[in-house]
Amino acid sequence: MKIKTKEMTYEEVMALPKPEHKKPKRPNWLFRTLVRALAMGDLWATHFKHTQDFSNDEDGGPYLILMNHSSFIDLKIASAMLYPKPYCIVSTTDAMVGKAWLMRQIGCIPTQKFVSDLSLIRDMKYALKDKNTSVLMFPEAGYTFDGRTTTLPDNLGGLLKILDVPVLFIDTKGAFARDPLYNMLQLRKVKVTAHMSCILNRRQIKEMSTEELNDIIQKAFSFDQFAWQYEKKIEIKESFRADGLERVLYKCPACGAEGHMKGEGIHITCGACHKSYELTVLGKMKAVEGKTEYDHIPDWYAWQRQCVRQELEAGTYRMEFDVYIGCMVNEKALYMVGNGHLVHDEGGFHLKGCNDTLNYDQSPIASHSLNSDYFWYEIGDVIGIGSKNCLYYCFPTTEGSVTKTRLATEELFKIKMKEKRSAPRRKASAEG
């Protein structure tokens, strides 16, 4: 899939009129059926099957439907499980580019990924209450990199209180194994299943605290797709299964070098120390020679997170890229505005470019995570930052890991928020 792009100067893009806000539409039967029909081919190829459990449902719809996010097939899974009932879909603004009319007809509610958006809550309430239409939402907001839950926002419990509707959860199995984000859109032969259940009814939402609701959502999203593959003995025999794996595993656990890993075929190899690991048919890592430091990819990924945290705490973390910049200010195109330089450090993001006409800073507490992606719309790996006025899609043209940048964004957010929450107590203690 590609996205419509257009070359313009940064000044021209920022002078474009701002789009008017549009309320979500309840998709009619024709568009619901169209979406269902378009999904059938991929689902047939994966021998898709699903189950459901509504024993906890005391209310009936409309529902807030939460779903884990593994690959592009997720929307097709939802269409099979929810048809013929109408539902809106919380989607990113980039999904609307060049096809906004059609996307609104099928019920899309656009929002900017990892940008505070109060209008989204109003739109979701409008769909649920005024249009009597369920809303499908992917709270992780981005595809999982390592097969485990992407960091969730900590305000989901409050959202449930505001929306005041029962919550369904769709848990997929096999979608990640079939099409992991790192593997360059190469599909594997894997069966896909899903289970839908009512995890919270309105009475429970009223009675529970926001913290208790957050815990229930977090538990529902506590999955590990590589562990599932191994436990179920799902064999992935494709010869390309490690292609692109260096996007996830960018740091060598043997020598500690970064940016020298290369995933190709069924192996990932460090170009610095030349140690090589095989990705087995059951999804485990196995050193070709010597010790296997981490046989479970999420453990390797967690070690990288720990290393980033240590850099942040020591004050040594810094990522720096030359980038090609795309700006998004409306649903008509991604406007390619030229070259720039992106820095990420403990002060947040700093983006400069377009002959010094672009100068954007983003606080480390602006978002709990980062819009980073691999081979985004077939353009390249991307780091997305910005505000309601403009989203900046930065495509690195020099060496550097968008994965490490995401990990650092998440860990830096935790550090800064902890400091912010403890600041009043420290001040009060000092005054006392």
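A brief structural summary.

Cut-offs applied
Residues numbered from 1 in each chain as written. Predicted model: local features only at pLDDT ≥ 70, side-chain atom pairs only at ≥ 80, totals over all residues. Heavy atoms only, no water. Helix = DSSP H or I, 4+ residues; strand = E, 2+ residues; numbered from the N terminus. Buried < 20%, exposed > 50% of the residue type's maximum accessible area, 1.4 Å probe, protein only. Lys, Arg positive; Asp, Glu negative; His and termini not counted. Salt bridge = Lys/Arg side-chain N within 4 Å of Asp/Glu carboxyl O. Contact = heavy atoms within 4.5 Å. Disulfide = S-S within 2.5 Å. Pairing = 2+ DSSP bridges. Axes fitted to C-alpha atoms, helices over the stretch in contact; angles between N-to-C directions.

## Focus: the side chain of Asp179
At step 1: Mapped onto the fold, Asp179 is located in the loop between helix 7 (175–178) and strand 8 (193–200).
At step 2: Although buried, Asp179 forms no salt bridge, and the nearest oppositely charged side chain, Arg178, lies 5.1 Å from it.
At step 3: In contact with Asp179, other than residues within four places in its own chain, are Ser70, Ser71, Leu185, Gln186 and Leu187.

## Concerning the state of the cysteines
At step 1: Across all of its chains, the model carries zero disulfides by this definition.
At step 2: For the unlinked cysteine Cys88, the closest cysteine sulfur is that of Cys108, found at 8.5 Å.
At step 3: Left unpaired, Cys198 is separated from the closest cysteine sulfur, that of Cys88, by 19 Å.

## Structural notes on the sheet that holds strand 3 (residues 64–67)
At step 1: Spatial strand order, 2-8-7-3-6-4-5: seven strands in an open sheet with mixed pairing. In this open sheet, the two strands that pair with only one neighbour each are strand 2 (49–53) and strand 5 (108–111). Put simply, the sheet's adjacent strands are angled 25° from each other on average, direction ignored.
At step 2: Note that strand 3 and strand 6 (residues 134–137) share three bridges and pair parallel. What sits directly across from Leu66, in strand 6, is Met137.
At step 3: Sheet strands touched by helix 3 (residues 74–82): strand 2, strand 3, strand 4 (87–92), strand 6, strand 7 (167–173) and strand 8. Its angle to strand 8, the strand with the most contacts, is close to 70°.

## Points about unusual backbone geometry
At step 1: Here the bond from Gly61 into Pro62 is cis, since omega is 0°, no more than 30 degrees from zero.
At step 2: By the element assignment, Pro62 lies in the loop between strand 2 and strand 3.
At step 3: That bond from Tyr83 to Pro84 is cis: its omega, 10°, falls within 30 degrees of zero.
At step 4: With respect to the secondary-structure elements, Pro84 resides in the loop between helix 3 and strand 4.
At step 5: At Asn355, a position not held by glycine, the phi torsion is positive, near 55°.

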